[in-house]
Amino acid sequence: MPKLKTKRGAAKRFRKTSTGYKHRKANRNHILTKKAPKRKRQLRGLDGVSAADVPRLRRMIPTKAR
């Protein structure tokens with residue numbers, strides 16, 4: 001059986017936690033001048049991955065993620 005390869009794009013975007021996966025929130029990359037400070041503040045940090053997407057992530061990142 002061949003080796004399981006990790007999807008490198010997914011490995012860079014998601015991190016494994018003890019309870020699931022986490023990812024960076026969208027809409028905080030550019031064109032920030034028109035966005036309210038409250039909105040930008042709430043976009044900080046990481047968010048959990050939906051339970052419906054976890055099986056797909058497990059297939060994309062079969063080995064231990066960082």
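Residues numbered from 1 in each chain as written. Predicted model: local features only at pLDDT ≥ 70, side-chain atom pairs only at ≥ 80, totals over all residues. Heavy atoms only, no water.

Draft legend 1. Region of interest: the environment of Arg 24. Topologically, Arg 24 is positioned in strand S2 (residues 21–24). Once the C-alpha coordinates of Arg 24 and Gly 45 are considered, the two residues, 21 residues apart in sequence, prove to be 6.7 Å apart. Setting aside chain neighbours within four positions, we find Arg 24 in contact with Arg 13, Asn 29, Gly 45 and Leu 46. In this structure the side chain of Arg 24 is engaged in a polar contact, spanning 3.4 Å, whose partner is the backbone oxygen of Arg 28. (Helix = DSSP H or I, 4+ residues; strand = E, 2+ residues; numbered from the N terminus. Contact = heavy atoms within 4.5 Å. Polar contact = N/O pair within 3.5 Å; in protein donor to acceptor, adjacent residues only side chain to side chain.)

Draft legend 2. Main features of the nonpolar core. Counting residues in hydrophobic clusters, the biggest one holds seven residues: Ala 10, Phe 14, Tyr 21, Val 49, Val 54, Leu 57 and Ile 61. Residue contacts for Val 49: discarding those within four places in its chain leaves Phe 14, Tyr 21, Lys 22, His 23, Val 54 and Leu 57. (Core = buried A, V, L, I, M, F, W, Y, C linked by side-chain atoms within 4.5 Å. Buried < 20%, exposed > 50% of the residue type's maximum accessible area, 1.4 Å probe, protein only.)

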